[in-house]
Each structure stands twice: as structure tokens, then as C-alpha cells.
Amino acid sequence: MSDNTAEGALGSESGLTEEAHSPRWADDDRPRIPSVAGEREALSAYLEHYRATVEMKCRGLTPEQAGTRSMPPSTMSLHGLVRHLAGCERWWFQQNYERRDVPFLFITADEPDLDFDLPADADFAADLETWRAECVVSREIVAAHGLDDRARPLDWHEDVDLRWLVLRMITEYAQHCGHADLLREGVDGRTGV
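Describing the packing of aromatic side chains
In step 1: Applying the stated criterion across every chain yields a total of five aromatic pairs.
In step 2: Arranged with centres 6.0 Å apart and planes meeting at 85°, the rings of Trp-92 and Trp-156 form a pair that is edge-to-face. Remark: Trp-156 occurs in the loop between strand E3 (150-151) and strand E4 (160-161) and Trp-92 occurs in helix H3 (residues 78-97); sequence separation between them is 64 residues.
In step 3: Residue Trp-92 is classed as buried on the basis of its relative accessible area of 9%.
In step 4: Under the relative-accessibility criterion, Trp-156 is labelled partly exposed at 34%.
In step 5: Where Trp-92 meets Trp-164, the ring centres are 5.6 Å apart and the plane angle is 65°; that geometry is what we call edge-to-face. Placement of the pair is Trp-92 in helix H3 and Trp-164 in helix H5 (residues 162-188), with a sequence separation of 72 residues.

What about unusual backbone geometry?
In step 1: Cis geometry marks the peptide bond from Pro-72 to Pro-73, where omega comes out at 10°.
In step 2: Positive phi is not limited to glycine here, since Arg-99 has a value of about 55°.
In step 3: Within the element layout of this structure, Arg-99 appears in the loop between H3 and helix H4 (124-143).
In step 4: Classification of Arg-99 by relative accessible area gives partly exposed; the value is 46%.
In step 5: Positive phi, normally seen in glycine, also occurs at Asp-155, with a value near 65°.
In step 6: Within the secondary structure, Asp-155 is located in the loop between E3 and E4.

Let's talk about the side chain of His-79
In step 1: Its place among the elements puts His-79 in helix H3.
In step 2: Take His-79: its relative accessible area is 2%, and that puts it in the buried class.
In step 3: Not counting chain neighbours up to four residues away, the residues in contact with His-79 comprise Ala-66, Gly-67, Leu-118, Ala-122, Asp-123, Phe-124 and Asp-127.

Brief notes about the confidence of the model for the chain
As a note on interpretation, predicted positions should not be read in detail where pLDDT is low.
In step 1: Scored by pLDDT, the chain has a mean of 91; 94% of the residues are at 70 or more.
In step 2: Averaged over each element, pLDDT in the chain is lowest for strand E1 (residues 2-3) (44) and highest for H4 (98).
In step 3: Low pLDDT (under 50) marks residues 1-9, which in the prediction has 12 contacts with non-local residues, meaning those over four places away or in another chain.

Conventions used here
Residues numbered from 1 in each chain as written. Predicted model: local features only at pLDDT ≥ 70, side-chain atom pairs only at ≥ 80, totals over all residues. Heavy atoms only, no water. Phe/Tyr/Trp six-rings, centres within 6.5 Å; stacked < 30°, edge-to-face > 60°. Helix = DSSP H or I, 4+ residues; strand = E, 2+ residues; numbered from the N terminus. Buried < 20%, exposed > 50% of the residue type's maximum accessible area, 1.4 Å probe, protein only. Contact = heavy atoms within 4.5 Å. pLDDT = per-residue confidence, 0-100.

Put into C-alpha cells, the structure is as follows:
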């Protein structure tokens, strides 16, 4: 901030007011991203911020609201997005990076879109818990390896390091957090970052 007025009151360096910025949710409890950090801390902070954004955008929704495809012609819903991200966590960290023999979540060879295309018996609360559990496992994997540690993803011709994988997940979440913003607004009109 700089002294922009003759009276010495603090003003915005950009000249923008608070109203010019996207509103924050009153119950925003996401971890803040540090302005200065080491590489591992910064990567983890961004990924955790995006995970917490998904959690926040789903907060307070009924199962029916979470399953609503609120932005036609898109077939996405917040419930489907949670299922998809749980599958991404498992796919990249467990199945690809550590080559664990664990089954796919929410998809089959015959029905590859069961993450987004909710079956009639899909349970939003249970699927949120599954996503949270997958995030816990992913955090454990990241903590157990150095950023330079390498692995070869399934069906790939080259290795990737953990740094690449964490950045890959950050981009996955960043993309889907934008979707979550629109889906939530379509469900109940709630907006904000």
C-alpha cells in the first residue's frame, strides 16, 4: 500500500477498491499459499489450496444439489467432479507413480465415465470421504519421496519426477476448480473465490 491521499490515509497502489475484486466466502478456511517458500512447500501449498477449494465449493450442498448438472450443455456436476478427482488422485499417485496394484475408482472398462455419469446409487457423502481418503494417501506418497525421485507412468515411454506429478495435479485441480466455481453458481448462485 502507498500513501495516495493528501491527508495521508492509506490507499490501494492499483487504485482498485475491494469491490473490484472477487468476493471471498465468509467461511473460507483454505490454507493460504505462502508468498515466499521453498519449492516443496510452494508446490504442496498450491495443491492443498486447490483441494481445499473443491471442499469449500461442495460445502453445504444437499446430495441432490451436488448431483445437479447446473451448466448445460455440460454434463458435469460437483458430485461427479469429486468422484473424478478421487480417481485422479489414485491414478497418478498410487497406480502410476508407485505402481500399486489398486483398482480403479468409479470407472470400469465397460463404463469409463462413471465418475461424471453418476449411477442411481451414487452417495455424495461417501464419495466425498473417498476423495478425502485418496488425498491422504497422495500426501503420504509425496512425503515419502524427494521431488527428483522418478517413476514411469503406465503406458508411457519416459520417466517423470515427483515434481512433474505434483505440477500435473495442480493443473488438474486448477482446471476443475474453475468448473466448480461455475457449477456452484449454477446450483445456488453462490460466487466468489
